[in-house]
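Structural overview
Here is what each chain is made of, one letter per residue.
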Amino acid sequence: MKYLSIGLAALLLAAPLAQAADNPDVLRLSQRLQALDADPGTTHVAAYERLQARQALQALEQARSSDRPAALKVAQARVETAEVAAQTAVTQREIDRLDRERSELLVEASRRDADRARREAERLRIQAQIQAEEAARLREQADAATTAQAEAEGALDSVASGQAARLRAARQRAAELARQEAELMRDVPPAPEEADDKP
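The rules behind these values
- Residues numbered from 1 in each chain as written.
- Predicted model: local features only at pLDDT ≥ 70, side-chain atom pairs only at ≥ 80, totals over all residues.
- Heavy atoms only, no water.
- Core = buried A, V, L, I, M, F, W, Y, C linked by side-chain atoms within 4.5 Å.
- Buried < 20%, exposed > 50% of the residue type's maximum accessible area, 1.4 Å probe, protein only.
- Helix = DSSP H or I, 4+ residues; strand = E, 2+ residues; numbered from the N terminus.
- Contact = heavy atoms within 4.5 Å.
- pLDDT = per-residue confidence, 0-100.
- Salt bridge = Lys/Arg side-chain N within 4 Å of Asp/Glu carboxyl O.

So, the nonpolar core
Among the nonpolar cores identified, the biggest contains 18 residues, and Leu29, Leu33, Leu57, Leu60 and Ala75 are the most heavily contacted of them. Elements with a contribution of two residues or more to this core: helix 2 (24–38), helix 3 (47–62) and helix 4 (68–187). Looking at which element gives the most residues to this core, the answer is helix 4, with seven residues. Apart from the residues within four sequence positions on either side, Ala75 is in contact with Leu29, Ala56, Leu57 and Leu60.

See below:
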């Protein structure tokens, strides 16, 4: 509704301005306003300031020659204000767009950093799991080697014990046989000595 009323006022003011083609100041300032209207970037900004500039141009056109210098200054100031306001609005719109784009880029960068951190954490978790599994496997191997060594030492001890027992048994048997032989030798009478043959 606001833009509609401003637009209607602009159309009403455009007719008298068109008739001011013979006034070079009005024509020059009108062309500057028309340039703002024609620029797609400034079409929908600074509408109030442009309306004030058109009203000042209309006042300039209708001013008596004695009031014309003051009216010209006001009209120039209003046109410059409209131009500055339009450019400021365009710049602010661009700043807002760049701020949104920057925010989106920061969010995207944060998302990428978070994804990278998650991937790195997952990689480290897997690496730690692999290392833990490898350590467990090495512990199992060490335990198995220790068990095998203990079994081997036990087998050697068993063999040594068996050999020692057999050696003891053999010595006992030898001692028993020696004793029996000694007893037998005692029971055997001495052999009689043969008498010398006489001639």
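Brief notes about the confidence of the model for the protein chain
Averaged over all residues, the pLDDT of the protein chain is 82; the fraction at 70 or higher stands at 83%. Segment residues 1–6: pLDDT under 50, and five contacts once partners within four positions in sequence are set aside and those in other chains are kept.

Remarks on the pattern of salt bridges
The tally for this structure, following the rule as stated, stands at 16 salt bridges. For Asp115, the salt bridge goes to Arg118, with nearest N and O atoms at 2.1 Å. Placement of the pair is Asp115 and Arg118 together in helix 4, with a separation of three residues, close to one helical turn. For Asp115, a relative accessible area of 27% gives the class partly exposed. Residue Arg118 is classed as exposed on the basis of its relative accessible area of 52%. A network of salt bridges, in which partner residues are shared, links Asp37, Arg50 and Arg54.

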